[in-house]
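# Topology and contacts: notes
These are the residues of each chain, in order.
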Amino acid sequence: MQVKEEDDVGVAAMVVVVMVLIVAAPATSTLHPLDYLVLQSIPKSLADAPGAHFFASWDFTADPCAFSGVLCANDRVVALSLGDPRPGSPGLAGTLPASLTRLPALSELSLVPGQVAGSLPAALPPALRFLALAGNCLSGPIPPSLSSLRCLRTLDLSSNRLSGSIPTALLRLPELHTVILAGNRLSGSIPSPAAPLLRLDLARNSLTGAVPPLPPSLLYLSLAANRLTGRVDCVLPRLTRLNFLDLSMNRLSGPIPGTIFTFPVASLRLQRNQFAGDLRPAGQLAVAGATVDLSFNRLTGAVPAELAPAGRLYLNFNRFTGEVPLAVAGRVVAGRMRVLYLHHNYLTGFGIRAGSALPAGTALCLQYNCVAPPAGTALCPRNTESRTTRPPEQCASGGK
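As a starting point, this report considers the structure included with it. Please read all numbers here as calculations on a predicted model, not as lab measurements. (Residues numbered from 1 in each chain as written. Predicted model: local features only at pLDDT ≥ 70, side-chain atom pairs only at ≥ 80, totals over all residues. Heavy atoms only, no water.)

### Overview of the environment of L106
Among the structural elements, L106 can be located in the loop between β4 (92-95) and β5 (108-111). Taking relative accessible area as the criterion, L106 reaches 0% and is therefore assigned buried. When residues no more than four places from it in sequence are discounted, the contact partners of L106 are V77, V78, A79, L80, P125, A127 and L128. (Helix = DSSP H or I, 4+ residues; strand = E, 2+ residues; numbered from the N terminus. Buried < 20%, exposed > 50% of the residue type's maximum accessible area, 1.4 Å probe, protein only. Contact = heavy atoms within 4.5 Å.)

Structure representation (structure tokens):
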């Protein structure tokens, strides 16, 4: 009986508080009283970082639906954008309040980059469709409860200090289109997504294992700067809609599938891996002016003429042999390929006539191959091998 009486007292006290708020609220406010209570709790957990003035407009003697970053509809809070979004704003400090879960109509929650620390709330409003908390100091694991947000379409938790693994169920949400978890401390393997993803960015973490099967709906994929291993020649050919691919700075191996060069990829970054074997594009590079970076791998064979449409082509620090195709060299001389890095290979000819003038702004590096570069073509990045050609004994082995 005593427990029931205490519960009754608590409910009664809440009713009194709500009634007081209704009476005290200005006539212009139509916000639901419970949402009003949640808004009042936010400045108790979050505060303006030094130099910020976001909460200056949060005067609870006025209409809370007119506060900066608050959007209301049908007497409920439907969107919160916390912090001053203008460039140079120092953002907010403090922690995210657990009370946010008591906003049943909240569909959008965002936080400007700042100093907000602590863990993610254990529960969030079930109606959330957009959650963006990037560029803060949030730490701890990604709570499994995020996987219960069945309406979630966009999730951006990048550039925080989150750790632990990616919940398997998170990448299976039926409406999820965008996942950005880059720049954290996540570990473990990448779950195989079942969501209809358009963008997946897990770069700059400590993820391990193989690249899993990925949805063919993807337009943007970045898994750069992790510790991924294994082959991708069975994974990438399904991603025919990709326009951005970055798998750089991993430990991926095996051949590069030739079909990806025919996809509409404007930026293809596979550098600093362990890809090996001959490079055999399945057709002409699909996007004229694309950036293609395959440097610092173990690729062999001839430089493919199919890569000539690239605007920036990085093939340095591989094991390419033979002559550079005229189609590629001609694009450089014509000024249509702005960067061509071929240094540290085993090439025997460049297809560029001695004395050919390069257009201003063109970067061409041919150092340390098996033939001296034509005069006037040594426009290389810093820290490039100072010797123009390889020792004869290395050229005799052809990089084997």
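### Description of the side chain of N250
Relative to the assigned elements, N250 resides in the loop between β17 (244-246) and β18 (251-254). The exposure class of N250 is buried, given its relative accessible area of 7%.

### Notes on the side chain of D35
Considering the arrangement of structural elements, one finds D35 in helix α2 (residues 33-45). Overall, the relative accessible area of 0% leaves D35 in the buried class. A polar contact is formed between the side chain of D35 and the backbone nitrogen of V77, at a distance of 2.9 Å. Not counting residues up to four positions away in its chain, the partners in contact with D35 are D75, R76, V77, R102, L103 and P104. (Polar contact = N/O pair within 3.5 Å; in protein donor to acceptor, adjacent residues only side chain to side chain.)

### Points about the packing of aromatic side chains
Going through the model one piece at a time under the given rule, you end up with 10 aromatic pairs. Residues F54 and W58 carry aromatic rings whose centres are separated by 6.0 Å and whose planes lie at 55° to one another, so their mutual orientation is tilted. Each member of the pair, F54 as well as W58, is classed as buried. The positively charged end of R199 is found above the aromatic ring belonging to Y220, 3.9 Å away from the centroid. (Phe/Tyr/Trp six-rings, centres within 6.5 Å; stacked < 30°, edge-to-face > 60°. Lys NZ or Arg CZ within 6 Å of the ring centre and 35° of its normal.)

### Here we look at the nonpolar core
Ranked by internal contacts, the top residues of the largest apolar core, which has 98 residues, are W58, L80, L109, L221, L245 and F261. Mapped onto this core, the elements with two or more residues apiece are α2, β3 (76-82), β5 and α3 (326-333). Per-element tally for this core: the top contributor is α2, with 4 residues. When near neighbours in sequence (up to four residues on either side) are disregarded, L221 contacts L200, L214, L239, L242, F244, L245, D246 and L247. (Core = buried A, V, L, I, M, F, W, Y, C linked by side-chain atoms within 4.5 Å.)

### Here's the deal with the pairing of strand β22 (residues 298-301)
In this structure, strand β20 (residues 274-278) lies alongside β22, joined through 3 bridges in parallel fashion. Along β22, the bridge assignment pairs G277 with L299. Pairing analysis gives 2 bridges linking β22 to strand β24 (residues 319-323), with the strands arranged parallel. Opposite T300, over in β24, you have R319 as the bridge partner. (Pairing = 2+ DSSP bridges.)

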